[in-house]
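# A look at the structure
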Amino acid sequence: MQKRKYIDAETKVVALFGHPVKHSFSPLMQNSAFAHLGLNYIYVAFNILPGNLDPAINAVRVLNLKGVNITIPYKKEVLPLLDRLDGFAELTGAVNTIINQDGQLYGYNTDGPGFIRSLEVECAFNVRNKNVMLVGAGGAAMAIGMQLALSGASSIGVVNRNQEKALTLANKIQSVAGVDVKILTWPRERLPVLDSELVNYFKNAELIVNCTPLGMHGISGQLPPLPYNLVSPGQLAYDLVYNPGKTRFMQKFIQGGAKAVNGLEMLLYQGALAFELWSGCKAPVEVMRSALLKVLK
Ligand code: NAP
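An account of the accompanying structure is given in this report. (Residues numbered from 1 in each chain as written. Predicted model: local features only at pLDDT ≥ 70, side-chain atom pairs only at ≥ 80, totals over all residues. Heavy atoms only, no water.)

### Some remarks on the environment of Met266
Within the element layout of this structure, Met266 appears in helix α9 (residues 264-279). It is 4.9 Å that separates the C-alpha atoms of Met266 and Phe115, two residues lying 151 residues apart in sequence. Not counting the four nearest positions on each side in its chain, Met266 is found in contact with Asp111, Phe115, Ser118, Ile144, Tyr238 and Leu240. (Helix = DSSP H or I, 4+ residues; strand = E, 2+ residues; numbered from the N terminus. Contact = heavy atoms within 4.5 Å.)

### Details of the packing of helix α1 (residues 26-37) against helix α10 (residues 285-295)
Where α1 meets α10, the axes come as close as 8 Å, and the angle between the chain directions of the two elements is 140°. In terms of orientation, α1 and α10 fall into the oblique class. Judged by the sense of rotation from one axis to the other, the crossing of α1 with α10 is right-handed. Note on element contacts: α10 touches α1 through Val287, Met288, Ala291, Leu292 and Val295, opposite Leu28, Met29, Gln30, Ser32, Ala33 and His36. Counted by class, the contact of α1 with α10 contains eight nonpolar, three polar and no charged residues. (Axes fitted to C-alpha atoms, helices over the stretch in contact; angles between N-to-C directions. Parallel < 35°, antiparallel > 145°, perpendicular 65-115°, else oblique. Left-handed = near helix turned anticlockwise from the far one by under 90°. Nonpolar A, V, L, I, M, F, W, Y, C, P; charged D, E, K, R; others polar.)

### Details of the packing of helix α4 (residues 111-123) against α9
The relative placement of two packed helices is expressed as an angle between their axes plus a distance between the axes. Relative orientation of the contacting elements α4 and α9 amounts to 115°, with a least axis distance of 8 Å. The crossing of α4 and α9 is right-handed. Facing α4, whose interface residues are Asp111, Pro113, Gly114, Phe115, Arg117, Ser118, Val121 and Glu122, α9 presents Glu265, Met266, Tyr269, Gln270, Leu273 and Glu276.

### Thoughts on the site of the ligand
The local shell around the ligand holds 22 residues, among which Ala137, Ala140, Asn160, Arg161 and Lys165 are the closest. Gly138 has a polar backbone atom sitting 3.5 Å from an oxygen atom of the ligand. At 2.9 Å, a backbone N or O of Gly263 approaches a nitrogen atom of the ligand. Put simply, the parts of the chain that give the shell around the ligand at least two residues each are α5 (139-150) and α9. (Near = heavy atom within 4 Å. Polar contact = N/O pair within 3.5 Å; in protein donor to acceptor, adjacent residues only side chain to side chain.)

### As for the packing of aromatic side chains
A ring pair, where both rings are aromatic, is described by two values, the distance of the centres and the angle of the planes. Applying the stated criterion across every chain yields a total of 10 aromatic pairs. Centre to centre, the rings of Phe34 and Tyr41 are 4.8 Å apart; their planes meet at 20°, and the pair counts as stacked. Both residues of the pair, Phe34 and Tyr41, belong to the buried class. Through a chain of ring-to-ring contacts, the aromatic side chains of Phe202, Tyr228, Phe249 and Phe253 assemble into a single cluster. Lying across the ring of Phe125, Lys130 places its NZ or CZ 5.2 Å from the centre. (Phe/Tyr/Trp six-rings, centres within 6.5 Å; stacked < 30°, edge-to-face > 60°. Buried < 20%, exposed > 50% of the residue type's maximum accessible area, 1.4 Å probe, protein only. Lys NZ or Arg CZ within 6 Å of the ring centre and 35° of its normal.)

### A few points about the side chain of Ser118
Counting through the fold element by element, Ser118 comes out in helix α4. You can call Ser118 buried: its relative accessible area is 1%. Among the polar contacts made by the side chain of Ser118, one reaches the main-chain carbonyl oxygen of Phe115 at a distance of 2.7 Å. Setting aside residues up to four positions removed in sequence, Ser118 forms contacts with Cys123, Tyr238, Glu265, Met266 and Tyr269.

### Some words on unusual backbone geometry
In this structure, Pro73 follows Ile72 across a cis peptide bond, with omega equal to 10°. Position of Pro73 among the secondary structure elements: in the loop between β3 (67-70) and β4 (84-85). Omega for the peptide link from Asn243 to Pro244 comes to 15°, which places this bond in the cis form. The residue Pro244 is located in the loop between β11 (236-239) and α8 (248-255) in this model.

Keep in mind that these numbers describe shape and distance, not what the molecule does.
Here's what the structure looks like:
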């Protein structure tokens, strides 16, 4: 293993491609891990303007970058530009991690596996035979729902503002994993009454995941429309939002006696899996977590 004393001609470069990228915590998290293990790697972020993804991916080969993280809005668009896809990336139709092996680019999606690993390691929660409710039907919900289905969840309820998108997600997960996926109705703005099917599903859900930005710093007044008065102590709430650290969604569950975690865990474990793919070394998860916690209170 090469030990890094300083950046030199042998330094391996790993990059983040997205638009925008300036708020990303990945450079901090990944560089702290490389430095801790003394690996001669560096992680840098590139703001790739719309229309420039193709030349940027070509530059990975030309400049011999070791790997890349792909973030919003390119996780789907990047697929046809790669040489091979890992099975889970193919199933979800999204890539967040690339490895460059001698000019061949391999695409992975560590979002789903990272989410499950964080549940197992940090929450001691096994999804097998569990009823799960997903709020949202975007890219993160697709990765999480697909992984939950493959990991043996017994049923998945999806509630999303745009019902068409919920239907697309449900069909895709159902066709791959054969799990029962139920579409629940998002309440209309002028009619803030929750659908009885949604209420019943919520009561039986053991894991409820917020896969929307509702509650994120800046739009923190908003809350996914759920019957929070029915929260029970056996439930686990998982908010993909991590800024603020204790979201209103989490607080509602904690008030009802349930457990709640924020999206720092998923950020951490999807990053740890990407680190392991690039470096072949076990990720120093606690070092990465403390780097994140220094900036995310
Ligand atoms: P995305 O593909 O753009 O999907 C966004 C989802 O949020 C859609 O379901 C959308 O509903 C819903 N949504 C957005 N604004 C809304 C609003 N005002 N009211 C109701 N629903 C709204 O994004 P994504 O990649 O899935 O990411 C979703 C969230 O997860 C983001 O906050 C992202 O930062 C976070 N995330 C965190 C991690 C982590 O590691 N912690 C990883 C990935 C994503 P419609 O379909 O109705 O538009």
